[in-house]
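# Architecture at a glance
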Amino acid sequence: MIVRESYMKQILDFLDKPVIKVITGMRRSGKSVLLELTKEEVRKRGVKESQIFSANFESLQFEDLKDYKALYGAIIAAAKAANGKLYLFIDEIQEVESWEKVINSVRIDCDCDIYITGSNARLLSGELATLLSGRYIEIPVYPLSFREYLEFAKSNEDEEGLSREQHFSNFLRYGGLPGIHEMKWEDEALMKYLTDIFNSVLLKDVVKRNKIRDIDLLERIVQYLMDNIGNTFSAKTISDFLKNQGRKLSTETVYTYIKALQSAFLIHKVPRFDIKGKRLLETQEKYFVSDLGLRHATIGYRDNDIDALLENVVFLELLRRGWSVHIGKQGSSEVDFVANKTDERLYVQVCYVLTQDNTDREFEPLQAIDDNYEKIVLSTDSLISFNRNGIKQRNIIDFLLESNG
């Protein structure tokens, strides 16, 4: 298994610490592998097999433990037999009804170190957050960054000998789910794999979990969102669009479906921020997808979407680096991303290539911002690199391959 070092560092920093480690993210993004790698690490440190309790609720092997009382009983029995601290590893814990009660009780009743994963963003929004306030840390896991993508590509002989630009082109087309590098590197095979994952996430984590009955409507909303990544719009925009297709629905229904997609980590909502007024705006947000490969398996790949694809890649990279991200409103202009982290801020513009026609348009919104935070323009240009009034133009691949954001 290839070690995703940035995530493992986050997890191991809290090894044996009295907080619950909650690893969240979309299915097939690599959470289970991180759990296995953590398990290997505790074994290396001398922990005996009798001290490890492990369950993966995607497997029928643990079907009987989906009753929370049965799961609690099994863990307590394992703790008594452990003869030392129990290390608890539970994968896809949201499949257990009332799992929060189990984890809270076990934390109190046993000497244990707890690691759980979940594929639902609401995992920490309910009872657990109330019961365990200050007693857990969340480690969000995303599909592969481009740096990680290149590491995984080394394991597939079909991907050998490609330039970094060719790899980047494939990254834009097929996304960053780790499993694609185990496939035969052919478009048909890769798209079938991605389509199957998308259907699985949609069925298990959206339709089933949210008891959605109108699947046709859900699929139309998904297609609209996928087709409009990087565009500002509102629920009313979607509602009006669907009315033109003969489907009448309220904006509240649209938001309900969108929230279900967000909860499954399929999409991310990015609100707008008024830079001059220093306030969040409640309308005209943007949405980006968690994985471009799933987008293209759903609506196909189009070369003329390149600007939106690059924005999507940069948005996800900023999230991976720990930034909170907004769309910037600067007067009548837009700044692609306003990223904040503690007392830091970064302004980012993204475009495919800089030309005589668009250079002013990309730089002027940044030049109008009256503060001293870093401002950059990212593009695929590799033969130019310049600084305009303190604003740096940078190659997007160089930016993505930085070791530390």
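## Observations regarding the overall build of the protein
A tally of helices and strands in the protein yields 15 helices and 13 strands. Taken against the 2.2 N^0.38 rule, which gives 22 Å for 405 residues, the C-alpha radius of gyration of the protein at 23 Å falls within 12% of a compact globule. Overall size of the protein, expressed as C-alpha extent along the three principal axes, is 70 × 50 × 45 Å. When contacts within the protein are restricted to residue pairs at least 6 apart in sequence, those whose partners lie at least 24 apart make up 68%. By element, 46% of the accessible surface of the protein is carried by carbon and sulfur atoms, the whole surface being about 19,200 Å². A distance of 5 Å separates the average location of the 55 positive side-chain charges in the protein from that of its 63 negative side-chain charges.

## Examining the pattern of salt bridges
For the structure shown, the criterion picks out 33 salt bridges. A salt bridge links Asp305 to Arg295, with the shortest nitrogen-to-oxygen separation between them at 3.0 Å. Taken as a pair, Asp305 in the loop between helix 12 (292-299) and helix 13 (306-320) and Arg295 in helix 12 lie far apart in primary sequence, 10 residues in all. Considered together, Asp305 and Arg295 belong to a single accessibility category, that of buried residues. Put simply, Arg302 and Asp305 hold a salt bridge, and the shortest N to O gap is 3.0 Å.

## Considering the sheet that holds strand 5 (residues 136-140)
Sheet strands line up and pair through hydrogen bonds in the backbone, either parallel or antiparallel. The strand order across the open sheet formed by 5 strands is 2-3-4-1-5, and the pairing between neighbours is parallel. Both edges of this open sheet fall to strand 2 (52-56) and strand 5, since each of them pairs with a single strand only. On average, each strand axis in the sheet is tilted by 15° relative to the strand beside it, whichever way the strands run. In this fold helix 1 (residues 5-12) packs onto strand 1 (20-24), strand 4 (112-118) and strand 5, with an angle of close to 175° to the strand it touches most, strand 5.

## Here's the deal with helix 8 (residues 187-210)
An ideal rise of 1.5 Å per residue puts 34 Å on 24 residues; helix 8 measures up with 32 Å between its terminal C-alpha atoms. At Leu203, helix 8 shows its strongest bend, of approximately 30°. Those residues of helix 8 not exposed but buried are Leu190, Met191, Tyr193, Leu194, Ile197, Phe198, Val201, Leu202, Asp205, Val206 and Val207. Considering only its buried residues, helix 8 is in contact with helix 7 (164-174), helix 9 (215-227), helix 11 (251-263) and helix 12. Phi turns positive one or two residues past the end of helix 8, at Lys211, with a value near 55°.

Rules used in this analysis
- Residues numbered from 1 in each chain as written.
- Predicted model: local features only at pLDDT ≥ 70, side-chain atom pairs only at ≥ 80, totals over all residues.
- Heavy atoms only, no water.
- Helix = DSSP H or I, 4+ residues; strand = E, 2+ residues; numbered from the N terminus.
- Rg over C-alpha atoms; globule rule 2.2 N^0.38 Å.
- Contact = heavy atoms within 4.5 Å.
- Areas by Shrake-Rupley, 256 points an atom, 1.4 Å probe, with all protein chains shown as cover.
- Lys, Arg positive; Asp, Glu negative; His and termini not counted.
- Charge placed at Lys NZ, Arg CZ, Asp CG, Glu CD.
- Salt bridge = Lys/Arg side-chain N within 4 Å of Asp/Glu carboxyl O.
- Buried < 20%, exposed > 50% of the residue type's maximum accessible area, 1.4 Å probe, protein only.
- Pairing = 2+ DSSP bridges.
- Axes fitted to C-alpha atoms, helices over the stretch in contact; angles between N-to-C directions.
- Expected span 1.5 Å × (residues − 1).
- Bend = angle between axes of the 7 residues up to and from the residue.

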